[in-house]
Amino acid sequence: MGEQLSPDEKFQLITRNLQEVLGEEKLKEILKERELKVYWGTATTGKPHVAYFVPMSKIADFLKAGCEVTILFADLHAYLDNMKAPWELLELRVKYYEQVIKAMLESIGVPLDKLKFVKGTDYQLSREYTLDVYRLSSMVTEHDAKKAGAEVVKQVEHPLLSGLLYPGLQALDEEYLKVDAQFGGVDQRKIFTLAEKYLPSLGYTKRIHMMNPMVPGLTGAKMSSSEEESKIDLLDKREDVKKKLKKAFCEPGNIQNNGVLSFVKHVLFTLHSEFVIKRDPKWGGDKVYTDYEEVEKDFAAEKVHPGDLKASVEVALNKLLDPIRKKFETPELKKLTNSAYPEASKNKGEAKGNPKQTAEDDEIVPSRLDIRVGKIISVEKHPAADSLYLEKIDVGEEQPRTVVSGLVAYISQEELQDRHVVLLCNLKPQKMRGIESQAMLLCASIEGEPRKVEPLDPPEGSAPGDRVYVDGFESGKPDDELKPKKKVFEKLQVDLKISNECVAQWNEKSLMTKLGPITCKTLKGGNIS
């Protein structure tokens, strides 16, 4: 592969669709002399999902360009990252990852004989590597280590020392795998720059770093292995894929943060150089696209309906998933899956006899709140109360939610229309003057004469359905519905405040989305309700 391509053609293939390359000139020089050696690593934590097709598609590009590609199963990293993978499950998780990654590569036509697979603990526990970890630890400051891992290592209220070691180990992997370049997501940029800064201090060469953009997940925001509804699993049944795609954020004409379009661009076009929109003949019939920009242009002009786009992606995605599902139907791989990812008991009867489970259920933590970004798509006066607004708000689900709010005295309908807001979505719905309100619009307020109220503002570029979390509590799962008698929100609300910088906080920890903090416009020191 790659023998017939010129160095310039190889460079174009290697770098297409990447967001950034650190060391472009060095990359060009190597390609003039020999094939590039590159590695991609994955920590063996939660089950890989369909977003993994994005790096897999890029690996296919590397192989077409003649690169020597190593895939690292970073089992030690999985443990160091706040013990996302328990020590006793590390070996099983590596075996699962190896089987599922190989199945993914086979499903997109990548020849496995051109790849090298390595397990982290095969060399990371050696005397030489361990000494280098100590040498690096004597140079890297706690500030630099924490900063480097900020977007990759799980951030918690009381971080473990292991999370500070993680970025340094990833830097050393470049030397011990004897590669020219490391490939990853742009969220790893700070780890890459740490490697560039410190490896030369150990006498090792500075490597090239190639970064994919952070592609939105099919369901709207970044897919998370720990949030079942945010991801499409590689082994999901066809009916589950349909159900999850149906919920995907795909607003007519909106090409921003559109995970469905992103999947077409970064996976389907990369693999096949074309994409077919399947439509009923009365709407023009099927249309074949050979240029992604044309798909985006037609969607923006609303010539392609979201329903047709989702249905077409569903067909293409199932073609990729079918061989993986088939491979994992064998008794051996079913047993491996169940052993590597044992299901936690969901039986409520069992929980009654488990004091630890009961304590977890009763713990009052902000991760129990299902807070999301929403977009107001319509607003009118409540038919039975002039002091209330009746809003339809898109929260990233198939249907908008109906919300009743008391904002009439504080903000006009025109100001609310098309505005992005922040909502609490798992309160028990309650009727307000005869109409059921299905969420609470969160606002900043200051008591006085007159009382001042402002809706909270998500960061610019936010999309309906984006999750809002308290910094340090992003890994917990929200309750399906907050039980009124438990008063979970009411107890947490006491510590919800606006800072002097107009940032929404709980216990002085910022409310965040993946794009930044939640804010309000002017009400410093206000309450949140």
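Refer to the structure above for everything that follows.
The sections below set out a description of the structure shown in this document. Each chain carries its own residue numbering, running from 1 in the direction its sequence is written. Local features in a predicted model are, by the rule used here, given only for residues with pLDDT of at least 70; side-chain atom pairs are given and counted only at 80 or more, and totals for whole chains, interfaces and linings are based on all residues. Remark: hydrogens and water are excluded; side-chain values derive from all non-hydrogen atoms of the structure.

**Re the overall build of the protein**
Line of reasoning, step 1. Put simply, DSSP marks the helices as runs of H or I at least four residues long and the strands as runs of E at least two long, and each gets a number from the N terminus on. Regarding its fold elements, the protein presents 18 helices and 23 strands.
Line of reasoning, step 2. The globule rule is 2.2 Å times the number of residues to the power 0.38, and the radius of gyration it is compared with is taken over C-alpha atoms. In terms of overall size, the protein behaves like a compact globule, its C-alpha atoms giving a radius of gyration of 25 Å where 529 residues would be expected to give roughly 24 Å.
Line of reasoning, step 3. Along the first, second and third principal axes, the C-alpha set of the protein runs to 75 × 65 × 50 Å.
Line of reasoning, step 4. Here the protein holds 529 residues, and the buried ones make up 52% of them.
Line of reasoning, step 5. Looking at the protein alone, contacts between residues at least 24 apart form 71% of all its contacts between residues at least 6 apart. In this scheme, a residue with accessible area under 20% of its type's maximum is buried, one over 50% is exposed, and one in between is partly exposed, where area comes from a 1.4 Å probe on protein chains only. The criterion used for residue contact is that any of the two residues' heavy atoms lie within 4.5 Å.

**A look at the nonpolar core**
Line of reasoning, step 1. For our purposes a nonpolar core is just a set of buried Ala, Val, Leu, Ile, Met, Phe, Trp, Tyr and Cys residues, chained together by side-chain atoms within 4.5 Å. With 74 residues, the main nonpolar core has Leu36, Phe53, Ile59, Ile101, Met210 and Leu309 as its most contacted residues.
Line of reasoning, step 2. Counting residues in each nonpolar core, the second largest holds 31 residues, with Leu76, Val133, Leu136 and Leu202 among its members.

**Looking at the layout of surface pockets**
Line of reasoning, step 1. What the second largest pocket holds in volume is close to 620 Å³.
Line of reasoning, step 2. The wall of the second largest pocket is formed by 30 residues, among which Leu427, Gln430, Met432, Ala439 and Met440 lie closest to the centre.
Line of reasoning, step 3. Those elements that provide at least two residues to the lining of the second largest pocket are β11 (401-405), β13 (430-432), β15 (440-441), β16 (443-446) and α18 (488-493).
Line of reasoning, step 4. At four residues, α18 tops the list of elements feeding residues into the lining of the second largest pocket. Of the two site types, the cavity is a set of points on a 1 Å grid over the protein atoms alone where a 1.4 Å probe fits but cannot get out, and the pocket is an open set with protein on both sides within 12 Å along at least five of seven lines, each lined by residues with an atom within 4 Å of a point. Grid points are joined across faces, edges and corners, and a volume is the space filled by probe spheres set on the points.

**Observations concerning the environment of lysine 247**
Line of reasoning, step 1. Mapped onto the secondary structure, lysine 247 falls in the loop between α10 (238-246) and α11 (259-272).
Line of reasoning, step 2. By relative accessible area, lysine 247 is classed as partly exposed at 35%.
Line of reasoning, step 3. For the pair formed by lysine 247 and alanine 103, sequence separation is 144 residues and the distance between their alpha carbons is 27 Å.

**Side note on helix α1 (residues 7-15)**
Line of reasoning, step 1. Every buried residue of α1 is accounted for by Lys10, Phe11, Leu13, Ile14 and Thr15.
Line of reasoning, step 2. Contact partners of the buried residues in α1: β1 (20-22), α2 (24-33), α3 (53-64) and β6 (208-212).
Line of reasoning, step 3. The positive-phi residue at the C-terminal boundary of α1 is asparagine 17, with phi of around 70°.

**Points about the packing of helix α6 (residues 127-137) against helix α8 (residues 161-176)**
Line of reasoning, step 1. The contact between α6 and α8 brings their axes to 10 Å, and the two run at 130°. Here α6 lies oblique to α8, going by the angle between them. As for how α6 packs across α8, the hand of that crossing is right-handed. Of the residues in α8, those touching α6 at Glu128, Tyr129, Asp132, Val133, Leu136 and Ser137 are Leu165, Gly168, Leu169, Leu172, Asp173 and Tyr176.
Line of reasoning, step 2. Each residue is assigned to one class: nonpolar for Ala, Val, Leu, Ile, Met, Phe, Trp, Tyr, Cys and Pro, charged for Asp, Glu, Lys and Arg, and polar for all the others, Gly among them. Residue classes in the contact of α6 with α8 are distributed as seven nonpolar, two polar and three charged. Angular values range over 0 to 180 degrees, each being the angle between N-to-C directions of two axes fitted as lines to C-alpha atoms, with helices fitted over their stretch in contact. Roughly parallel here means an angle under 35 degrees, roughly antiparallel means over 145, roughly perpendicular means 65 to 115, and every remaining angle is called oblique. It is the rotation of the near helix from the far one that decides the hand of a crossing: anticlockwise by less than a right angle makes it left-handed, clockwise makes it right-handed.

**What about the sheet that holds strand β2 (residues 37-43)?**
Line of reasoning, step 1. Strand order in the open sheet formed by six strands is β1-β6-β5-β2-β3-β4, with mixed pairing between adjacent strands. The outermost strands of the open sheet, each flanked by one partner alone, are β1 and β4 (115-119). Here the strands of the sheet are splayed against their neighbours by 25° on average, with no regard to which way each runs.
Line of reasoning, step 2. Looking at chain direction, β2 and strand β5 (residues 181-185) are connected through three bridges and run parallel. Considered in β5, the bridge of tyrosine 39 is made with glutamine 182. Strands are labelled as partners when DSSP assigns at least two bridges between them.

**Some details on the packing of aromatic side chains**
Line of reasoning, step 1. Pairs were defined over the aromatic rings of Phe, Tyr and Trp, the Trp ring being its six-membered one, requiring ring centres within 6.5 Å. Orientation was assigned from the angle between planes: stacked under 30 degrees, edge-to-face over 60, tilted for the rest. Throughout the structure, instances matching the rule amount to 11 aromatic pairs.
Line of reasoning, step 2. Through a chain of ring-to-ring contacts, three or more aromatic side chains come together here, namely Trp40, Tyr52 and Tyr97.
Line of reasoning, step 3. By the criterion adopted, a ring carries a charge over it if an Arg CZ or a Lys NZ lies within 6 Å of its centre and within 35 degrees of its normal. Against the face of phenylalanine 11 rests lysine 28, its NZ or CZ located 4.9 Å from the ring centre.
Line of reasoning, step 4. In this arrangement the basic side chain of lysine 102 is found over the ring face of phenylalanine 117, its NZ or CZ atom lying 4.8 Å from the centre.

**What to know about the state of the cysteines**
Line of reasoning, step 1. In what follows, a disulfide is any cysteine sulfur pair within 2.5 Å. Tallying each qualifying case throughout the model produces zero disulfides.
Line of reasoning, step 2. With no disulfide of its own, cysteine 502 lies 4.4 Å from the sulfur of cysteine 520, the closest cysteine sulfur.
Line of reasoning, step 3. For cysteine 502, a relative accessible area of 8% corresponds to the buried category.

**A few points about empty space enclosed by the protein**
Line of reasoning, step 1. All chains considered together, the criterion is met by two cavities of 30 Å³ or more.
Line of reasoning, step 2. Computed from the structure, the largest cavity encloses a volume of approximately 100 Å³.
Line of reasoning, step 3. Taken together, 13 residues form the lining of the largest cavity, with Pro366, Leu369, Ile371, Tyr469 and Val470 sitting closest to its centre.
Line of reasoning, step 4. Considering each element in turn, the lining of the largest cavity owes the most residues, four residues, to strand β18 (residues 467-470).
Line of reasoning, step 5. Looking at the lining of the largest cavity, its residues break down into 11 nonpolar, one polar and one charged.
Line of reasoning, step 6. Of the pockets and cavities examined, the second largest cavity occupies roughly 50 Å³.
Line of reasoning, step 7. Lining the second largest cavity, in full, are Arg16, Asn17, Val54, Ser57, Lys58, Asp61, Asn212, His266 and Thr270.
Line of reasoning, step 8. Looking at the lining of the second largest cavity, the elements that each hand over two or more residues are α3 and α11.
Line of reasoning, step 9. Here the lining of the second largest cavity gets four residues from one element, more than from any other, and that element is α3.

**Thoughts on the environment of isoleucine 518**
Line of reasoning, step 1. In this fold, isoleucine 518 is placed in the loop between β22 (516-517) and β23 (527-528).
Line of reasoning, step 2. Once you skip the residues sitting within four places of it in the chain, isoleucine 518 turns out to touch Val422, Leu456, Asp457, Pro458, Pro459, Val468, Cys502, Val503, Ala504, Leu511, Met512 and Thr513.

**Concerning the environment of leucine 407**
Line of reasoning, step 1. Structurally, the position occupied by leucine 407 is in the loop between β11 and α17 (413-416).
Line of reasoning, step 2. Along the primary structure leucine 407 and glutamate 454 are separated by 47 residues, whereas in three dimensions their C-alpha atoms are 8.6 Å apart.
Line of reasoning, step 3. With sequence-adjacent residues up to four places away left out, leucine 407 is seen in contact with Tyr389, Glu391, Leu416, Leu441, Cys443, Val453 and Pro455.

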